[in-house]
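Read off the chains here:
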Amino acid sequence: MTSDAIRVTTLPSGLTVVTETMDRMETVSFGAYVASGTRNEDAAQNGVSHFLEHMAFKGTERRNAAEIAEAVENVGGHINAYTAREQTAYYVKMLKEDLALGADIIGDILTHSTFAPEEVERERGVILQEIGQANDTPDDIIFDHFQEAAYPSQPMGRPVLGTEDIIRNMRGADIQAYMRRHYAAGNVVVAAAGALEHDRVVDLVARHFADLPAEMPPPLEPGTYGGGEFREERDLDQVHIVLGFPSVSYSDPDYYPVLLLSGLLGGGMSSRLFQEIREKRGLVYSVYSFTAPYLETGLFGIYAGTGEAEAAELVPATLAELHRVQIDANEAELRRAKAQVKASLLMSMESTGSRCEQLSRQIQIFGRIVPSAETVAKLEAVTVADIRRAASRVFRGVPTLAAMGPAASVPSLSDITLRLAA
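Residues numbered from 1 in each chain as written. Predicted model: local features only at pLDDT ≥ 70, side-chain atom pairs only at ≥ 80, totals over all residues. Heavy atoms only, no water.

1. Notes on the environment of L261
Alright, step 1. Here L261 is to be found in helix 9 (residues 255-266).
Alright, step 2. Considering only alpha carbons, one finds L261 and A402, 141 residues apart in sequence, at a separation of 22 Å.
Alright, step 3. Dropping the residues within four chain positions of it, L261 is found in contact with F300, V325, I387, A390, A391 and F395. (Helix = DSSP H or I, 4+ residues; strand = E, 2+ residues; numbered from the N terminus. Contact = heavy atoms within 4.5 Å.)

2. Overview of the sheet that holds strand 6 (residues 188-194)
Strand pairing in a sheet relies on backbone hydrogen bonds. The paired strands run either parallel or antiparallel.
Alright, step 1. Pairing within the open sheet is mixed, and its 6 strands lie in the order 1-2-6-3-5-4. Looking at which strands have only one partner, the edges of the open sheet turn out to be strand 1 (6-10) and strand 4 (78-83). With direction set aside, neighbouring strand axes in the sheet form an average angle of 15°.
Alright, step 2. Pairing geometry for strand 2 (residues 16-21) and strand 6, over 6 bridges, is parallel. Looking at strand 6, one finds that V18 is bridged to A191.
Alright, step 3. Lying over the sheet, helix 8 (residues 198-208) contacts strand 1, strand 2, strand 3 (27-34) and strand 6, oriented at roughly 150° with respect to strand 2. (Pairing = 2+ DSSP bridges. Axes fitted to C-alpha atoms, helices over the stretch in contact; angles between N-to-C directions.)

3. Focus: the packing of helix 9 against helix 14 (residues 372-381)
Alright, step 1. Packing of helix 9 against helix 14 brings their axes to within 9 Å, and their N-to-C directions diverge by 70°. The angle between helix 9 and helix 14 places the two elements in the roughly perpendicular class. Together, Y256, L259 and L260 of helix 9 and T375, K378 and L379 of helix 14 make up the contact between the two elements.
Alright, step 2. Within the contact of helix 9 with helix 14, the residues separate by chemical class into 4 nonpolar, 1 polar and 1 charged. (Parallel < 35°, antiparallel > 145°, perpendicular 65-115°, else oblique. Nonpolar A, V, L, I, M, F, W, Y, C, P; charged D, E, K, R; others polar.)

4. Quick word on the sheet that holds strand 10 (residues 298-306)
Alright, step 1. Reading across the sheet, the 5 strands line up as 7-11-8-10-9 and stay open at both edges, with mixed pairing between neighbours. In this open sheet, the two strands that pair with only one neighbour each are strand 7 (229-233) and strand 9 (284-293). If you compare each strand with its neighbour and ignore which way they point, the axes differ by 10° on average.
Alright, step 2. Sheet analysis places strand 8 (residues 239-246) next to strand 11 (residues 400-405), joined by 5 bridges and oriented antiparallel. By the bridge assignment, L243 is partnered in strand 11 with L401.
Alright, step 3. Along the sheet, helix 9 contacts strand 9 and strand 10; its crossing angle with strand 9, the most-contacted strand, is approximately 175°.
Alright, step 4. Contacting strand 7, strand 8 and strand 11, helix 16 (residues 413-421) crosses the sheet at an angle of about 135° to strand 11.

5. Details of helix 1 (residues 48-55)
Alright, step 1. Of all 8 residues that make up helix 1, 8 are buried, and the element is covered over most of its length.
Alright, step 2. By the burial criterion, the buried members of helix 1 are V48, S49, H50, F51, L52, E53, H54 and M55.
Alright, step 3. Next to the buried residues of helix 1 lie strand 4, strand 5 (88-95), helix 4 (117-135), helix 6 (164-169) and helix 7 (172-182). (Buried < 20%, exposed > 50% of the residue type's maximum accessible area, 1.4 Å probe, protein only.)

6. Structural notes on unusual backbone geometry
Alright, step 1. Positive phi outside glycine occurs at F115, with the angle close to 55°.
Alright, step 2. Note on placement: F115 falls in the loop between helix 3 (99-111) and helix 4.

7. Looking at the pattern of salt bridges
Alright, step 1. Within this structure, the stated rule accounts for 34 salt bridges.
Alright, step 2. A salt bridge links E86 to R361; the nearest nitrogen and oxygen atoms lie 3.2 Å apart. Of this pair, E86 sits in the loop between strand 4 and strand 5 while R361 sits in helix 13 (residues 352-366), and the two are 275 residues apart along the sequence.
Alright, step 3. With a relative accessible area of 14%, R361 lands in the buried category.
Alright, step 4. When the shortest N-O distance is used, the salt bridge between D252 and R393 registers 2.8 Å. Pair noted here: D252 is in the loop between strand 8 and helix 9 and R393 is in helix 15 (residues 384-394), with a separation of 141 residues, a long-range link.
Alright, step 5. Take D252: its relative accessible area is 18%, and that puts it in the buried class.
Alright, step 6. Taken together, the shared-partner salt bridges connect D252, D254, D386, R389 and R393 into one network. (Salt bridge = Lys/Arg side-chain N within 4 Å of Asp/Glu carboxyl O.)

Listed below in structure tokens is the structure:
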């Protein structure tokens, strides 16, 4: 037990159930969060996590695909899923009186999916269309290329969707074997938030998730940042650029300074990059920074989309801001970044779906629920000196560059490295 509203129970199988009671709600969100994603895949099965996520909705021993969708939508509910690098999630949002149905459906698709051959073939075509759509969306696919350049020749660098060749040859038996190996009870957190009673949720989970495998999956291959360059000339109106650096994991002492660094550097219209690159110079429509922490590694990145003529000025101007923030980050912009991060955190706590995701990830990453007051205190404790130190740590790392479009005028990675060292 962690508080009056948040409770945690670990079943004898090893499956963890966490709930947050939100009495004023009329709805409840319920999800199963599996600590398995793209980084758990072998090279020959890249994309299997995502393929499995799709297949989970395509029929069980008790329901076909249409019946799964109809059961949820007949009561006005919503069902969805997503695949990430370290997690795959399956969740529903429903009226509070329909919680038992939601638990039944999510438990059913995780324990009794049938993987009918005709459904595998049908969904294969859907995923190939999804890959094609991503490839046709440069401001989307550029992040896959960036990830692969940052983590070359390893699971952490592979695309979530997989590749066309692998997906074309993936068999239903491969997907089922992956599910049996990775969807173990001890590798799953079931989270629920909203109008609920914890003990009732535990009873529902014990009943509907009883058939999850017991044996835990093999250990992860550690992610090893390499850094590198990807460049593809395409006939596009814009060149899409992602510049990144090795950064911190969730457990690193600099996690909160780096999070706030991203906010003040490129986190909104008042950020340094937006003001300098867009407002003062007019070089871009979109520019922002982001952090991507993982269990034992992490990335810090900056995205910009710009015209061919502006690209040559954009990168040096961005690098100049990376130098400046190490020297003159100030209290006013730190206060603004803290306000933005705190507001985002506290606003997300008003969403039952967001709370499920947060609670599950906290257990999977830290082994406990992190009180919001603790998070706010750690944010408030960050000083200007911490921001400057974190910036010096991150921006002196080996860079990664991904560029797509009319990219001839984008400086090379070696030139960027020299400029950073100057």
